Amino acid sequence: MKQYDYIIVGSGLYGAVFAYLAGKKGKKCLVIEKRSHRGGNIYCEDIEGIHVHKYGAHIFHTSNKKVWEFVNSLAEFNRYTNSPVANYKGEMYNMPFNMNTFSKMWGISTPAQAKAKIEEQKRNITGEPKNLEEQAISLVGTDIYQKLVKGYTEKQWGRDCKDLPAFIIKRLPVRYTYDNNYFNDLYQGIPIGGYNVIIDKLLEGCQVITGEDYLENKEKYDAMGEKVVYTGTIDGYYHYRFGKLEYRSLRFETEVLDEENHQGVAVVNYTDRETPYTRIIEHKHFEFGTQPKTVITKEYPETWSEGMEPYYPVNDEKNQALYQKYAELADQEPNVIFGGRLGEYKYYDMDKVIESAMKKAEEELS
């Protein structure tokens with residue numbers, strides 16, 4: 001008999017949700033976390049009494065009632081609604097693209113006028129859009145593309161919009177109403193007290209080791225558990241046997257400002273090409289804070305290299321083909337479950353990570 005039923009690599013949402021559900025079924029889990037803290041990318045730091053989202057803005061939203069009820073059983077959620085604004089060289093525009101955006105951009109006031117303007121500006125795009133630039137223009141026209149999409153997207157992905165696949169922007173929200181709520185989901189909010197409240201609840205009763213790289217002591221840990229739940233990079237698990245998958249990374253610059261309210265909203269996107277960061281997050285607005293000081297974080301996208309944190313999988317054809325090779329190896333591992341954004345090389349929102357972990361736990365534990 002081994003000491004643990006599951007060795008869980010990574011204490012982010014996927015690993016923590018799996019550990020929680022396994023624990024409910026009487027299973028013993030050991031969680032191994034490479035970082036010095038628990039919670040993966042949703043970890044919050046307390047600075048000046050403000051819950052600072054250490055790894056970028058995390059706004060919970062879902063249309064899955066089961067997931068919403070699950071997270072609400074772990075923490076109480078506030079009524080925060082994501083309504084970011086875009087700053088193009090000092091001109092401020094509402095996001096997502098809606099009647100407020102169109103009115104500011106073109107001085108128009110009705111949905112019919114906005115549709116006519118976009119139709120006129122996209123007439124050069126014929127047939128199926130071949131790249132992100134054509135896809136964006138076909139959705140919002142050239143003016144909005146040039147000012148609010150092009151620079152931001154090129155900074156985010158580190159390449160020209162003409163060299164990016166159209167599907168990246170397929171779900172770009174475009175609304176012909178005066179509605180600044182970014183998400184279309186039924187449920188939305190931020191846990192009161194920050195995301196650590198959720199992680200602490202999920203990992204209650206689990207042994208957690210932080211500051212430890214599982215891959216460096218793989219044999220030792222594998223010998224301790226019946227099965228492994230692995231949420232790190234799938235190519236890293238196989239020592240990059242077929243080559244490295246591509247990711248985009250991020251660098252964060254956080255500062256405390258001696259002012260109550262710096263930008264009037266939680267998220268401002270900087271959409272010109274010249275500003276080196278993509279956005280500034282002012283964390284207190286996630287929880288309607290009234291602290292005398294404020295904390296802001298500038299987000300700089302970077303090309304990932306080994307040793308950096310991988311945030312976004314680059315899901316183009318080349319990388320998907322490479323991932324398939326690793327997925328085939330993973331299928332031959334009966335005692336290893338690969339999960340989460342890095343384990344499945346997939347861009348997941350938080351609710352989808354939880355959904356995926358729930359589904360896998362149900363298969364495993366029923």
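Whatever comes next refers back to the structure up there.
Residues numbered from 1 in each chain as written. Predicted model: local features only at pLDDT ≥ 70, side-chain atom pairs only at ≥ 80, totals over all residues. Heavy atoms only, no water.

(A) Layout of the packing of helix 3 (residues 99-106) against helix 5 (residues 132-157). Where helix 3 meets helix 5, the axes come as close as 11 Å, and the angle between the chain directions of the two elements is 90°. By the angle between their axes, helix 3 is roughly perpendicular relative to helix 5. Contacts between helix 3 and helix 5 involve T101, F102, M105 and W106 from the first element and V140, D143, I144, K147 and L148 from the second. When grouped by side-chain class, the residues that make up the contact of helix 3 with helix 5 number six nonpolar, one polar and two charged. (Axes fitted to C-alpha atoms, helices over the stretch in contact; angles between N-to-C directions. Helix = DSSP H or I, 4+ residues; strand = E, 2+ residues; numbered from the N terminus. Parallel < 35°, antiparallel > 145°, perpendicular 65-115°, else oblique. Contact = heavy atoms within 4.5 Å. Nonpolar A, V, L, I, M, F, W, Y, C, P; charged D, E, K, R; others polar.)

(B) The arrangement of helix 4 (residues 111-121) in detail. Where helix 4 is concerned, the buried positions are A114, I118 and Q121. Projected onto a plane normal to the axis of helix 4, the buried residues spread over an arc of 65° and lie on a single side. (Buried < 20%, exposed > 50% of the residue type's maximum accessible area, 1.4 Å probe, protein only. Arc of directions from axis to C-beta.)

(C) Molecular detail of the sheet that holds strand 10 (residues 225-230). Pairing is parallel across the open sheet formed by five strands, whose spatial order is 9-2-1-10-16. Each having just a single partner strand, strand 9 (207-210) and strand 16 (336-338) make up the two edges of the open sheet. Averaged over all pairs of adjacent strands, the angle between their axes in this sheet comes to 20°, without regard to strand direction. When strand 1 (residues 4-9) meets strand 10, the two strands line up parallel, connected through five bridges. Note on strand 10: the bridge partner recorded for I8 is V229. (Pairing = 2+ DSSP bridges.)

(D) The arrangement of the nonpolar core in detail. Core analysis: the biggest nonpolar cluster contains 57 residues, and F97 and F102 have the highest contact counts within it. Of the residues forming this core, the biggest block, nine residues, is contributed by helix 5. Apart from the residues within four sequence positions on either side, F97 is in contact with F102, V140, I144, L148, V149, L172, P173, V174 and R175. One finds Y6, V67, Y80 and F183 within the second-largest nonpolar core, a separate group that totals 49 residues. (Core = buried A, V, L, I, M, F, W, Y, C linked by side-chain atoms within 4.5 Å.)

(E) The arrangement of the pairing of strand 4 (residues 50-53) in detail. Of the strand pairs in this sheet, strand 3 (residues 44-47) and strand 4 are connected by four bridges, and their pairing is antiparallel. If you follow E45 over to strand 4, its bridge partner there is V52. Connecting the antiparallel pair strand 3 and strand 4 is a turn made up of two residues, with E48 showing a positive phi of about 55°.

(F) The arrangement of the pattern of salt bridges in detail. Following the criterion strictly, the structure yields 24 salt bridges and no others. Measuring nitrogen to oxygen at the nearest pair gives 3.4 Å for the salt bridge that ties K122 to E119. (Salt bridge = Lys/Arg side-chain N within 4 Å of Asp/Glu carboxyl O.)

(G) Broad picture of the packing of aromatic side chains. For the structure on display, the rule yields 27 aromatic pairs. Ring centres 4.9 Å apart and planes at 65° place the aromatic pair Y230 and Y237 in the edge-to-face group. Of the two residues, Y230 and Y237, neither departs from the other in class, the shared state being buried. Between the aromatic rings of Y270 and Y277, the centroid separation amounts to 5.2 Å while the plane-to-plane angle is 75°, which identifies the pairing as edge-to-face. Comparing Y270 with Y277 shows no difference in burial state: the two are buried. (Phe/Tyr/Trp six-rings, centres within 6.5 Å; stacked < 30°, edge-to-face > 60°.)

(H) Local environment of helix 11 (residues 350-365). The end-to-end C-alpha distance of helix 11, which contains 16 residues, comes to 22 Å, matching closely the 22 Å that a straight helix rising 1.5 Å per residue would cover. Within the sequence span of helix 11, burial applies to M350, D351, V353, I354, S356, A357, M358, A361 and L365. On its buried face, helix 11 is in contact with strand 1, helix 1 (13-24), strand 5 (60-62) and helix 2 (65-72). (Expected span 1.5 Å × (residues − 1).)

(I) Fine view of the sheet that holds strand 15 (residues 312-313). Judged by pairing direction, the sheet is mixed, and its seven strands sit side by side in the order 7-6-12-13-14-11-15 without closing on themselves. A single partner strand is all that each edge strand has here, and the edge strands are strand 7 (91-94) and strand 15. Two strands pair when backbone bridges link them, and strand 11 (residues 247-257) and strand 14 (residues 294-303) are joined in this way by 10 bridges, in the antiparallel orientation. Residue pairing in the sheet places T254 in a bridge with T297 of strand 14.

(J) Quick peek at the pairing of strand 11. With two bridges joining them, strand 11 and strand 15 adopt antiparallel strand pairing. By the bridge assignment, R248 is partnered in strand 15 with Y312.

(K) The environment of M358, seen in detail. For M358, the location among the structural elements is in helix 11. Assessed through its relative accessible area of 12%, M358 is described here as buried. C-alpha of M358 to C-alpha of Y230: the two residues are 128 residues apart in sequence and 15 Å apart in space. Apart from the residues within four sequence positions on either side, M358 is in contact with V17, L21, K66, V67 and F70.

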